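# Observations on the three-dimensional arrangement
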Amino acid sequence: MAFLPFALPDIGYEEINEVIDTLESGWITTGPKIMKFEKAFSEYIGSKYSISVNSATAGLHLALDAIGLERDDLVITSPYTFTATAEVIRYFDAHPVFCDINEKTFNIDVQKLEDLLKKLCAGKNHKVKAIMPVHFAGQTCDMNEIMSLAQKYNLKIIEDAAHSLPATCNNKMIGTIGDITVFSFYATKSITTGEGGMITTNNEAYKDKMSKMRLHGINKDSWDRYVSPEASWSYDIIGAGYKYNMTDIAASIGLQQLKKCDYFFEKRNKIAERYTESFKNLNRIETPFVKNKNDKHSWHLYVIKVKNKMRDKFISIMKEKEVGCSVHFIPLHIQTYWKEKYSLKPDDFPVAYSCFCEAVSLPAYAKMPESDIEKVIQAVIETHNKIFS
Ligand SMILES: Cc1ncc(COP(=O)(O)O)c(C=O)c1O
C-alpha cells in the first residue's frame, strides 16, 4: 500500500474548468472572478465584506494595519499557533504578548487572558491594542468571554481563523464576530486556492483601508482602472501599501472550492467521529476534547495526545506503517527567533509546552476514501498497542 500523506487538497474538474475559463478570458489577475468569489464568501459567512488576499498572513498584516497598530504596541495572542500569527505584529515593530492555552482545547485560556489584561491594562496609557484569538484546529475560542474582555479594555479583536472554515461559536459563524477575521486557503486548509486568504469584516472603514492597502495603497483596483464602465487611467495612492491581492486564477479555484465547503466539512466531521469512536479504548491516547457540541468544529485538524512521552516514537512507527502524521504546533516560545527575542523558556507557557509534547495530527481530509480512513484507524491501534502493551 502506498504512503498516505498527512494532507491532500481535493481538486476536481469544476476547479480545473473554472481556471480554464479564466485563462481563456484574458483577465487573469484581480478582476471579475475575485468579485464573484468575495460576494459568494460574504454570503456563505454572513459578513458584510470579504476582501481576498494572497495569504492569510497578508490578511492578518492588513488587519493590524487597518486598526492602526503602531511601534511598541502590544497584541495578546496564543503561543500555540503558526508563526504567521505573531510575525505580522513584528512587522510594525510592535510586540506579541503570549497567553497560555487551555490544555483541553489548545485555545487561549480566558482566565489567564483576563489576568494578563488586568495587569497589562492597569495604567491609563497602556499599550495593548488588540487580542488575536486563534481557533486551533477549527474549534472556536470562547468568543463571548473574549469579546467582553475586549469591550472592557477597549481592544480590537482580530481572529486568526486560518483553521476555522466553517466554524461557529454560540450559533454565530466565525467571520462575523470579531472586528476582523482572517481565513487561509493554503494547500492543506479546508478549502484551498493554492495560496490565498480571505478577510471578513462588518466595518466599512476597515474594508476600505484593507482593500486599498492590499494593492499598493492604490485607491482603485485594476478592474476599476481598465475595465469597469467608469474606468479611468487616473488613480491616487493613499498609503505605502502592499502587493497582497489575489489573482482571478486563484479565485477561480476558490469559487468552486467554496461550493464544496459544506460537503468537505461533512466528510471531515464523519472522519473525526469515526476516529474518536475507534480510539476510545486506547488508554494512552487522548482524543480531541469538544468543548460545546452545539458549536461547529471545522475539523481542519484532528489532533490526538499521545501519553508517556511517546509522541515521537508513535509518529515514527506510524511512518513505518505508511501513514503520515504531523505536529501542530511547535509553540512559538520554543522557536529560536521568539525565544531569543523575548528571552522565553519552555516553562513560561507550560500548558502550550506540554500540549506540544503530546500532540499528533492524524490525516483527516475530504479526499480520503474509506480504505485510507480504515488504514489510519488500524495503524493508530496497532501503534498504540505496540508501544504500550
Ligand atoms: C494558525 C495559522 N495562522 C496563520 C496561518 C498562515 O496562513 P497562510 O499560509 O495562508 O498565510 C497558518 C498557516 O498554516 C496557520 O496555521
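Residues numbered from 1 in each chain as written. Predicted model: local features only at pLDDT ≥ 70, side-chain atom pairs only at ≥ 80, totals over all residues.

## Things to note about the packing of helix 2 (residues 32-45) against helix 9 (residues 248-259)
Filter applied, for reference: To get an axis, a line is fitted to the C-alpha atoms, and for a helix only the part in contact is used. The angle between two axes follows their N-to-C directions and goes from 0 to 180 degrees. Secondary structure elements are defined from DSSP: runs of H or I of at least 4 residues count as helices, runs of E of at least 2 residues count as strands, and each element is numbered from the N terminus. Here the angle decides the label: under 35 degrees means roughly parallel, over 145 means roughly antiparallel, 65 to 115 means roughly perpendicular, and every other value means oblique. In a left-handed crossing the near helix is turned counterclockwise from the far helix by less than a right angle, and in a right-handed crossing that turn is clockwise. Placing a C-beta atom from the backbone of each residue, one calls two residues in contact when those atoms lie within 7 Å. Each residue gets one label: Ala, Val, Leu, Ile, Met, Phe, Trp, Tyr, Cys and Pro are nonpolar, Asp, Glu, Lys and Arg are charged, and the others, such as Gly, are polar.
At a closest axis distance of 8 Å, the pairing of helix 2 and helix 9 adopts a crossing angle of 30°. The pairing of helix 2 with helix 9 is recorded here as roughly parallel in orientation. Two packed elements cross with a definite hand, and for helix 2 against helix 9 that hand is left-handed. Contact with helix 2, carried on its side by P32, K33, I34, K36, F37, A40, F41 and Y44, involves D248, A251, S252, G254, L255 and L258 of helix 9 and no other residues of that element. The residue makeup of the contact of helix 2 with helix 9, split by class, is nine nonpolar, two polar and three charged.

## Details of the site of the ligand
Test applied: Only the C-beta atom matters for nearness: placed from the backbone, it must lie within 6 Å of the molecule or strand for the residue to count as near.
Of all residues adjacent to the ligand, which total 14 residues, the nearest are S55, A56, T57, A162 and S184. Of all elements in the fold, only helix 3 (56-66) and helix 4 (83-90) reach the threshold of two or more residues within the shell around the ligand.

## Digging into helix 5 (residues 110-120)
This is how it is decided: Put plainly, a residue is buried at 20 or more neighbouring C-beta atoms within 10 Å of its own, exposed at 12 or fewer, and partly exposed in between, counting only other residues' C-beta atoms, which are placed from the backbone. For this quantity, the arc is that covered by the directions from the helix axis to the C-beta atoms.
Here helix 5 has its buried residues at L113, L116 and L117. Projected down its long axis, helix 5 carries its buried residues within an arc of 100°, all on one side. In helix 5, the exposed residues that point more than 90 degrees away from the buried face are Q111, D115, K118 and K119. Against the buried residues of helix 5 lie strand 2 (74-77), strand 3 (95-98), strand 4 (128-132) and helix 6 (143-153).

## Looking at helix 4
Of the positions making up helix 4, those classed as buried are A84, T85, A86, V88 and I89. Residues of helix 4 that are buried sit in contact with helix 3, strand 2, strand 3, strand 4, strand 5 (156-160) and helix 12 (336-341).

## Details of the environment of K156
Mapping K156 onto the fold places it in strand 5. K156 gets classed as buried once you count the C-beta atoms within 10 Å, which come to 22. Each C-alpha atom, one on K156 and one on A130, is 4.5 Å from the other, the two residues being 26 residues apart in sequence. Residue contacts for K156: discarding those within four places in its chain leaves I67, K129, A130, A150 and D179.

## Regarding the sheet that holds strand 10 (residues 285-286)
We count it as follows: Any two strands with at least two DSSP bridges between them are considered paired.
Taken together, the three strands give an open sheet; going across it, the order is 10-11-12, and neighbouring strands pair in antiparallel fashion. Of all the strands in the sheet, just strand 10 and strand 12 (359-362) have a single pairing partner and so form its edges. Examined bridge by bridge, strand 11 (residues 302-306) and strand 12 share four bridges and lie antiparallel to one another. What sits directly across from I304, in strand 12, is V360.

## Regarding the sheet that holds strand 4
Read from one edge to the other, the open sheet built from seven strands follows the order 1-9-8-5-4-2-3, with strand pairing classed as mixed. The two strands at the open ends of the sheet, each matched to only one other strand, are strand 1 (49-53) and strand 3. In this sheet, neighbouring strand axes are inclined to one another by 25° on average, regardless of whether the strands run parallel or antiparallel. Bridge count between strand 2 and strand 4: four bridges; the pairing is parallel. When the bridges of strand 4 are listed, I76 appears paired with I131.

## Some remarks on unusual backbone geometry
L165 connects to P166 through a cis peptide bond whose omega is -5°. Of note, the amide linkage connecting H328 to F329 takes the cis form, showing an omega dihedral of -5°. Positionally, F329 belongs in the loop between helix 11 (311-320) and helix 12. At E322, a residue that is not glycine, the phi angle is positive and equals roughly 65°. Along the chain, E322 falls in the loop between helix 11 and helix 12. E322 sits in the partly exposed class, given 13 other C-beta atoms within 10 Å.

## Some thoughts on the domain arrangement of the protein
Where we set the bar: An automatic or database domain assignment supplies the residue ranges for each domain.
The domain boundaries assigned to the protein delineate domain 1 (13-259) and domain 2 (261-388). Computed from C-alpha atoms alone, the centre-to-centre distance between domain 1 and domain 2 is 26 Å. Listed as interface residues are 30 residues of domain 1 and, on the opposing side, 25 residues of domain 2. Those elements that provide at least two residues to the side of domain 1 that touches domain 2 are helix 4, strand 6 (168-169) and helix 9. Residues that form the side of domain 1 that touches domain 2 fall into these classes: 15 nonpolar, eleven polar and four charged.

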